[in-house]
Amino acid sequence: MKRSRDTAASELFAALYPRLAGWCRRLVDDDETAHEIASEAFTRLWARWAKVEEPRGFLYVTAANLVRDHWRKLERERRAVRRAGTEAAIRPHAEPADPSVRLLVQSLPERLRVPILLHYYADMPIREVSELTGRKEGTVKADLHAARELLRGHLRRSLDHTL
């Protein structure tokens, strides 16, 4: 029993880790952090191995939550640097008016951010996003639409400022 469990876990790791780590890399823009997040997602899966029905979905949802935590930590660090008054020494130039899509996705409410991450960044079909989030397919489609509209509005405003 233990042998087959270990074998199944090893096969799952070999099949999914590279893609999960690559997905995390696109979201956090750092190889080491991406590998840490992907590894932690697998560690959490392993701890709940017998209870998880859909390991792939569990991994991506867990990784999305870990990415969110990473983004929050970075934002707290940025605020601390600003409060300390050292930002000018660290970053003498103003941030460009053109925000990255990753930062815009990060700013979405979690209700909209998770479906965007799973559907567009992890290439999961709407049906699978629906199953993983426990929402109806129509709700997932509406959330994706609302998120795209918010992102479109942010991008329009940033373009208006650069013209």
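Located above this text is the structure these notes cover.
Residues numbered from 1 in each chain as written. Predicted model: local features only at pLDDT ≥ 70, side-chain atom pairs only at ≥ 80, totals over all residues. Heavy atoms only, no water.

### Digging into the environment of Met124
Next up, step 1: Take Met124: it is sitting in the loop between α6 (110–121) and α7 (126–133).
Next up, step 2: Residue classification places Met124 among the buried positions, given a relative accessible area of 0%. (Helix = DSSP H or I, 4+ residues; strand = E, 2+ residues; numbered from the N terminus. Buried < 20%, exposed > 50% of the residue type's maximum accessible area, 1.4 Å probe, protein only.)

### A word on the side chain of Arg113
Next up, step 1: Looking at where Arg113 falls in the secondary structure, it is placed in helix α6.
Next up, step 2: One buried charged residue, Arg113, remains without a salt bridge, the closest side chain of opposite sign being Glu110 at 4.3 Å. (Lys, Arg positive; Asp, Glu negative; His and termini not counted. Salt bridge = Lys/Arg side-chain N within 4 Å of Asp/Glu carboxyl O.)

### Here we look at the environment of Glu32
Next up, step 1: By the secondary structure assignment, Glu32 is in helix α2 (residues 31–47).
Next up, step 2: Look at Glu32 and you get exposed, because its relative accessible area is 58%.
Next up, step 3: The spatial distance from the C-alpha of Glu32 to the C-alpha of Ala21 is 9.6 Å, given a sequence separation of eleven residues.

### A few points about unusual backbone geometry
Next up, step 1: The backbone of Asp29 sits at a positive phi, close to 60 degrees, despite the residue not being glycine.
Next up, step 2: When you line up the elements, Asp29 lands in the loop between α1 (2–28) and α2.
Next up, step 3: Positive phi is not limited to glycine here, since Asp123 has a value of about 55 degrees.
Next up, step 4: Secondary-structure assignment places Asp123 in the loop between α6 and α7.

### Overview of the pattern of salt bridges
Next up, step 1: Considering all chains together, one arrives at eleven salt bridges under this definition.
Next up, step 2: Between Asp143 and Arg111 there is a salt bridge, and its shortest N-O distance comes to 2.7 Å. Residue Asp143 is located in helix α8 (residues 137–162), and its partner Arg111 is located in helix α6; the two are separated by 32 residues in the primary sequence.
Next up, step 3: On the basis of relative accessibility, which here comes to 46%, the residue Arg111 falls in the partly exposed class.
Next up, step 4: Between Asp143 and Arg135 there is a salt bridge, with its nearest N and O atoms 3.1 Å apart.

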